[in-house]
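The primary structure of each chain is shown beneath.
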Amino acid sequence: MELVHKIDDQGNTIIFKRCLGRTFDRDTRGNVSDQLKAIASFQCRTDDVLLCTFPRSGTHWVFNMARMIQTKNLQYSGSPEMMEFQDIGIIDEMTSPRMFHTHLTYPFIPKAAKDGQLKIIYVIRNPKDAACSYFTFQSKIENTCYSGNLDGYVDAFLSEEFIGSGGSWFTHTREWNTAKLTNPNLKILCLRFEDLKQNLYQNIVKIADFLEVDREESFLKKVEQTVAFDNLKKQHATSAGESELWKHLGDKGRMPIYKKGIVGEWKNMLTVAQNEKFDKVYKEKMSDLAIKINLEYE
């Protein structure tokens with residue numbers, strides 16, 4: 001494992017771990033390799049649910065709504081247990097039904113998940129909004145992996161030398177898309193952040209159906225109300241939002257995860273030149289992707 005510090009000609013600095021030729025978040029546990037081996041061999045249970053997202057793609061929002069559906073409990077669950085960042089034994093000891101999370105790209109998830117031994121919820125978001133949200137997040141935490149301006153951040157995001165989870169947004173998205181198309185064993189529900197924002201209740205019903213839980217309409221309507229952005233933001237500001245795992249990032253481990261939660265914020269942040277650069281790279285790397293994303297209007 002190599003800890004990489006990259007500084008561009010503007011003085012923008014990015015830090016990440018490199019392992020197996022891939023980039024990983026600096027906070028990935030240990031030397032990365034051992035953690036990936038532990039994740040690959042993780043013993044899943046048939047009622048487990050694995051939430052998979054690229055960073056800043058609605059992770060906590062979807063986790064809390066899915067967890068409420070799974071447990072029929074409207075209580076705020078805070079942050080999910082994350083496979084790459086903590087002792088796998090902690091997840092192993094969780095009481096069923098379990099729901100845990102990873103930002104990792106597909107090749108590094110548990111083998112049991114690839115074999116269809118548990119359910120996977122995968123969430124994708126417009127990469128422009130994900131990039132802008134991630135930049136704002138990094139600017140608000142202590143011990144940030146990136147210091148510098150948005151222009152340098154966009155350049156890093158569009159490359160493979162980024163704060164990865166086994167790869168850039170482009171690699172992450174391509175590998176998950178390929179897995180969905182080629183692995184018939186996957187028990188996977190794919191959600192789009194933008195669809196969730198446009199019709200939340202419809203997607204809550206979709207999650208309940210996927211999890212095969214018998215939930216009456218009145219309860220699902222309560223979930224819809226409870227996971228409204230402002231409600232979750234208020235809950236996150238309480239002790240329920242604190243996390244020992246992330247205390248080095250500041251505020252008792254309460255990460256600044258609830259920003260605006262809107263679609264199209266990139267239009268207020270990216271310059272014309274940055275937006276054109278984004279479109280060019282996306283066209284080069286993703287034009288043949290089965291999952292279609294409207295970069296212009298979302």
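Here's a quick rundown of the structure.

## Quick word on the environment of Val32
Along the chain, Val32 turns up in the loop between strand E3 (22-24) and helix H1 (33-40). Look at Val32 and you get buried, because its relative accessible area is 0%. Spatially, the C-alpha atom of Val32 lies 23 Å from that of Ile7, the residues being 25 residues apart in sequence. Not counting residues up to four positions away in its chain, the partners in contact with Val32 are Met1, Lys17, Cys19 and Phe24.

## Here we look at the nonpolar core
Residues Leu50, Met65, Ile120, Ile121 and Ile207 are the most contacted members of the largest nonpolar core, which totals 93 residues. Per-element accounting of this core gives the leading share, 7 residues, to helix H2 (residues 59-71).

## Looking at the pattern of salt bridges
Inspection of every chain in the model, using the stated rule, returns 17 salt bridges. One salt bridge connects Lys72 with Glu216, and the closest N-O pair in it is separated by 3.2 Å. One end of the pair, Lys72, is in the loop between H2 and helix H3 (88-92); the other, Glu216, is in the loop between helix H9 (200-210) and helix H10 (217-226), and 144 residues separate them in sequence. Look at Lys72 and you get partly exposed, because its relative accessible area is 40%. It is possible to trace a salt-bridge network through shared partners that takes in Glu2, Lys6, Arg18 and Glu161.

## Things to note about the environment of Pro110
Mapped onto the elements, Pro110 comes out in the loop between strand E5 (99-102) and helix H4 (111-114). Each C-alpha atom, one on Pro110 and one on Ile39, is 5.3 Å from the other, the two residues being 71 residues apart in sequence. Filtering out sequence-adjacent residues up to four positions away, Pro110 remains in contact with Ile39, Ala40, Phe42, Cys44, Leu50 and Met83.

## Overview of H10
An α-helical turn contains 3.6 residues, so a residue and the one three or four places further along point in the same direction. When we look at burial in H10, the residues that qualify are Phe219, Leu220 and Val223. The buried residues of H10 occupy one face: seen down the axis, they fall within an arc of 100°. Opposite the buried face of H10, by more than 90 degrees, sit the exposed residues Glu217 and Gln225. Along its buried surface, H10 packs onto H2 and H9.

## Observations regarding the packing of helix H7 (residues 169-182) against helix H12 (residues 272-286)
Packed helix pairs are specified by the crossing angle of their axes together with the interaxial distance, meaning the distance between the axes. One can describe the packing of H7 onto H12 by two numbers: an axis separation of 11 Å at closest approach and a directional angle of 35°. Taken as a pair, H7 and H12 cross one another with a handedness that is right-handed. Within the contact between the two elements, H7 uses Trp169, Phe170, Thr173 and Arg174 and H12 uses Phe278, Val281, Tyr282, Lys285 and Met286. Of the residues in the contact of H7 with H12, the class split is 6 nonpolar, 1 polar and 2 charged.

## Some words on unusual backbone geometry
The omega angle of the peptide bond from Ser96 to Pro97 is 0°, so this bond is cis rather than trans. Inspection of the secondary structure puts Pro97 in the loop between H3 and E5. One non-glycine residue, Leu20, lies in positive phi territory at about 55°. Structurally, the position occupied by Leu20 is in the loop between strand E2 (13-19) and E3. Judged by relative accessible area, Leu20 falls into the exposed class, the value being 63%. With phi around 55°, Glu212 is a residue other than glycine that occupies positive phi space. A residue is classified by how much of its surface remains accessible, and Glu212, at 63% relative accessible area, is exposed.

## A few points about the side chain of Ser165
Relative to the helices and strands, Ser165 resides in the loop between helix H6 (150-157) and H7. Relative accessible area serves as the criterion here: at 4%, Ser165 is assigned to the buried category. Excluding its chain neighbours within four sequence positions, the residues that come into contact with Ser165 are Thr23, Phe24, Pro55, His103, Leu104 and Thr105.

Basis of the calculations
- Residues numbered from 1 in each chain as written.
- Predicted model: local features only at pLDDT ≥ 70, side-chain atom pairs only at ≥ 80, totals over all residues.
- Heavy atoms only, no water.
- Helix = DSSP H or I, 4+ residues; strand = E, 2+ residues; numbered from the N terminus.
- Buried < 20%, exposed > 50% of the residue type's maximum accessible area, 1.4 Å probe, protein only.
- Contact = heavy atoms within 4.5 Å.
- Core = buried A, V, L, I, M, F, W, Y, C linked by side-chain atoms within 4.5 Å.
- Salt bridge = Lys/Arg side-chain N within 4 Å of Asp/Glu carboxyl O.
- Arc of directions from axis to C-beta.
- Axes fitted to C-alpha atoms, helices over the stretch in contact; angles between N-to-C directions.
- Left-handed = near helix turned anticlockwise from the far one by under 90°.
- Nonpolar A, V, L, I, M, F, W, Y, C, P; charged D, E, K, R; others polar.

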